[in-house]
Amino acid sequence: MPTPITVIDAFTDRPFAGNPAAVCVLDAPRPEAWYRDVAREMNLSETAFLMARRDGDWDLRWFTPTVEEDLCGHATLASAHHLWESALVAPAAPVRFHTRSGLLTATRREGRVVLDFPNEAPAECPVPDGLAAALGAPVRRAGRNRFDLFAELESEAAVRALRPAMDRLAEFPVRGVVATAAADPGREYDLVSRFFAPRDGVPEDPVTGSAHCGLGPWWAARLGRDTLVAYQASPRGGTVRVTVAGERCLLEGHAVTVWKGALL
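Summarised in this report is the structure supplied together with it. (Residues numbered from 1 in each chain as written. Predicted model: local features only at pLDDT ≥ 70, side-chain atom pairs only at ≥ 80, totals over all residues. Heavy atoms only, no water.)

### Considering unusual backbone geometry
No. 1: A positive phi angle is found at Phe-11, which is not glycine, with a value near 60 degrees.
No. 2: Take Phe-11: it is sitting in the loop between strand E1 (3–10) and strand E2 (19–26).
No. 3: Assessed through its relative accessible area of 2%, Phe-11 is described here as buried.
No. 4: Of note, the phi angle at Ala-87 is positive, near 65 degrees, even though the residue is not glycine.
No. 5: Tracing the sequence through the fold places Ala-87 in the loop between helix H2 (74–85) and strand E6 (95–99).
No. 6: Ala-87 sits in the exposed class, given a relative accessible area of 65%. (Helix = DSSP H or I, 4+ residues; strand = E, 2+ residues; numbered from the N terminus. Buried < 20%, exposed > 50% of the residue type's maximum accessible area, 1.4 Å probe, protein only.)

In structure tokens form, the structure reads like this:
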């Protein structure tokens, strides 16, 4: 029997922007190789696999074209959007996901999806040898959390102009490298970033929700407020509203369904 699959653009309010995620709702577990084969076939930065639990919650797994991930924001947002849109969850009800990073929840607020994620504040560290050369830009300060390496650059223009050497970035023993800077004066957002994860099969991720679990605390401390608007300046681009709430980070964004199909 065909297995439905949907592609949803996350962290955007218009199609063909933000970060596309494939969402696949299953009625039974599949062989491990099947998940990886489907994710490789979809060839998006993440494919999400959902399965209903007896308690009304959902099991959720995320796969890049090459690896299973421990935490993913945009595919979680896309999954919640799909469950509400397809009436698998009541429109006003929260969605509870059981994942490799524990229980994650999604609710709705003023047309946006709100994700309750862990706070993954980076600890400041010395700038690693070779990082500036790999990015192709000077690094003002660096930080690291359990997933990623954070590189603060001189300006928004420096972040936007990056043309990193992916083979050299792949040498760092992290999921990805996050380049970030404060936004230029007068922008509608507070900070800008880009995310590179060549080790995980994603040279540049369009909009990385989970990276904002680190970016939020990083910039909240510098800018002196807990709620920030972040813009990820990939070629597709996308906006994430981040609120640092103690040990949690709330990530907010829109989502748009772009196509529906089936795996035969």
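Additional details are given in the paragraphs that follow.
### Considerations on the nonpolar core
No. 1: By size, the foremost hydrophobic cluster in this structure holds 48 residues, and its most contacted members are Trp-62, Val-95, Phe-97, Ala-106 and Leu-251.
No. 2: It is H2 that provides the largest number of residues to this core, a total of six residues.
No. 3: When neighbours within four sequence positions are excluded, Val-95 is seen to be in contact with Trp-58, Ala-80, Leu-83, Trp-84, Val-89, Leu-104, Thr-105 and Ala-106. (Core = buried A, V, L, I, M, F, W, Y, C linked by side-chain atoms within 4.5 Å. Contact = heavy atoms within 4.5 Å.)

### Brief notes about empty space enclosed by the protein
No. 1: All told, the structure shown has two cavities of 30 Å³ or more when counted by the stated rule.
No. 2: In terms of lining, the largest cavity is formed by 17 residues, of which the most central are Glu-46, Glu-69, Phe-195, Asp-205 and Thr-208.
No. 3: For the lining of the largest cavity, the elements supplying multiple residues, two or more each, are strand E13 (191–197) and strand E14 (202–205).
No. 4: Its residues assigned to classes, the lining of the largest cavity shows five nonpolar, seven polar and five charged.
No. 5: Within this model, the second largest cavity holds a volume of roughly 30 Å³. (1 Å grid on protein atoms, 1.4 Å probe; cavity = no way out; pocket = protein on both sides within 12 Å on 5 of 7 lines; lining within 4 Å. Points joined across faces, edges and corners; volume = space filled by probe spheres on them. Nonpolar A, V, L, I, M, F, W, Y, C, P; charged D, E, K, R; others polar.)

### Focus on H2
No. 1: If you check H2, its first and last C-alpha atoms are 16 Å apart, about what 12 residues at 1.5 Å a residue would give, namely 16 Å.
No. 2: The element H2 is largely enclosed, with a buried count of 11 among its 12 residues.
No. 3: Those residues of H2 that fall on the buried side of the exposure criterion are His-74, Ala-75, Thr-76, Leu-77, Ala-78, Ser-79, Ala-80, His-81, His-82, Leu-83 and Trp-84. (Expected span 1.5 Å × (residues − 1).)

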